[in-house]
Amino acid sequence: MREEEELLYNPKDLKWHSLGNGAHYRLLRVSPETGHFSIILKLDAGGMFAGHYHLGAGEFLMLKGELKYKDSTAKAGDWGYEPLGAVHADTNVEMETELLFIGYGPIAFTGEDGSIAQILDAKLLSDVAEGKIQPVSFTVDA
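Analysis parameters
- Residues numbered from 1 in each chain as written.
- Predicted model: local features only at pLDDT ≥ 70, side-chain atom pairs only at ≥ 80, totals over all residues.
- Heavy atoms only, no water.
- Core = buried A, V, L, I, M, F, W, Y, C linked by side-chain atoms within 4.5 Å.
- Buried < 20%, exposed > 50% of the residue type's maximum accessible area, 1.4 Å probe, protein only.
- Contact = heavy atoms within 4.5 Å.
- Phe/Tyr/Trp six-rings, centres within 6.5 Å; stacked < 30°, edge-to-face > 60°.
- Helix = DSSP H or I, 4+ residues; strand = E, 2+ residues; numbered from the N terminus.
- Patch = residues over 30% accessible without salt bridge, like charges linked within 9 Å, V, L, I, M, F, W, Y side chains within 5 Å.
- Areas by Shrake-Rupley, 256 points an atom, 1.4 Å probe, with all protein chains shown as cover.
- Salt bridge = Lys/Arg side-chain N within 4 Å of Asp/Glu carboxyl O.
- Lys, Arg positive; Asp, Glu negative; His and termini not counted.
- Pairing = 2+ DSSP bridges.

In this structure, Leu19, Phe37, Ile39 and Leu125 are the most contacted members of the largest nonpolar core, which totals 25 residues. Leaving out residues up to four positions away in the same chain, Leu125 has contacts with Leu19, Tyr25, Leu27, Phe37, Ile39 and Leu120.

Structural data, given as structure tokens:
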């Protein structure tokens, strides 16, 4: 079994990687053993994260901006938890928004017919960050 290494760095020193259509992330950590991942997610003003559901729980801490979230708005300083199976329609931002997101499993993005169109997981985030694959879009233009 591989021993986990300790990590300490300033996320501002990490490169932004594109997920397409104005969504970017800084990869903080992935765990190949568990599939967990930690990222700083940035959405440009006017951006939208496509409809999706959680194949693993997740939690987030809003760092900057606002995220229209179901029937309310998450603002800088707010923390949220999304359980396994949580379903979200398109998620909109009107201003540049950044959040720390910790995923405990993949996220399934759906097409217009509701079927799974793409999967965002620790391996994809790691592969894009390492330049092994080109970014794919998990967002749509607002």
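Once the structure has been displayed, the description carries forward.
Turning our attention to the packing of aromatic side chains. Under the definition given, this model contains 1 aromatic pair. Considering the side-chain rings of Phe37 and Phe101, the 5.9 Å spacing of their centres and the 35° angle between planes classify their relative orientation as tilted. Of this pair, Phe37 sits in strand β3 (residues 37-43) while Phe101 sits in strand β12 (residues 97-103), and the two are 64 residues apart along the sequence. An identical accessibility class is assigned to Phe37 and Phe101; each is buried.

On to a nonpolar patch on the surface. Nonpolar side chains collect at one region of the surface, where Leu61, Leu63, Trp79 and Tyr81 lie side by side and expose about 420 Å² of accessible area between them. If you list the elements that add at least two residues to the nonpolar patch, you get β6 (58-64) and β9 (79-82). Locating Leu63 in the fold gives a position in strand β6.

Attention now goes to the side chain of Glu98. Within the element layout of this structure, Glu98 appears in strand β12. Of the side chains with opposite charge, Lys64 lies nearest to the buried Glu98, which makes no salt bridge, at 4.1 Å. For Glu98, the residues in contact, after removing those within four places along its chain, are Trp16, Ile40, Leu41, Lys42, Met62, Leu63 and Lys64.

Bringing the environment of Lys75 into the picture now. Structurally, Lys75 can be placed in strand β8 (residues 72-75). Contacts of Lys75, omitting those with residues within four sequence positions, involve Met62, Gly65 and Glu66.

Pairing of strand β13 (residues 107-110) with strand β14 (residues 116-120), which is carried by 4 bridges, proceeds in the antiparallel orientation. By the bridge assignment for β14, Phe109 is matched with Gln118.

Another point: the environment of Asp121. Tracing the chain through its elements places Asp121 in the loop between β14 and α1 (122-129). A relative accessible area of 24% means that Asp121 is categorised as partly exposed. As a C-alpha pair, Asp121 and Ile133 span 12 residues in sequence and 13 Å in three-dimensional space.

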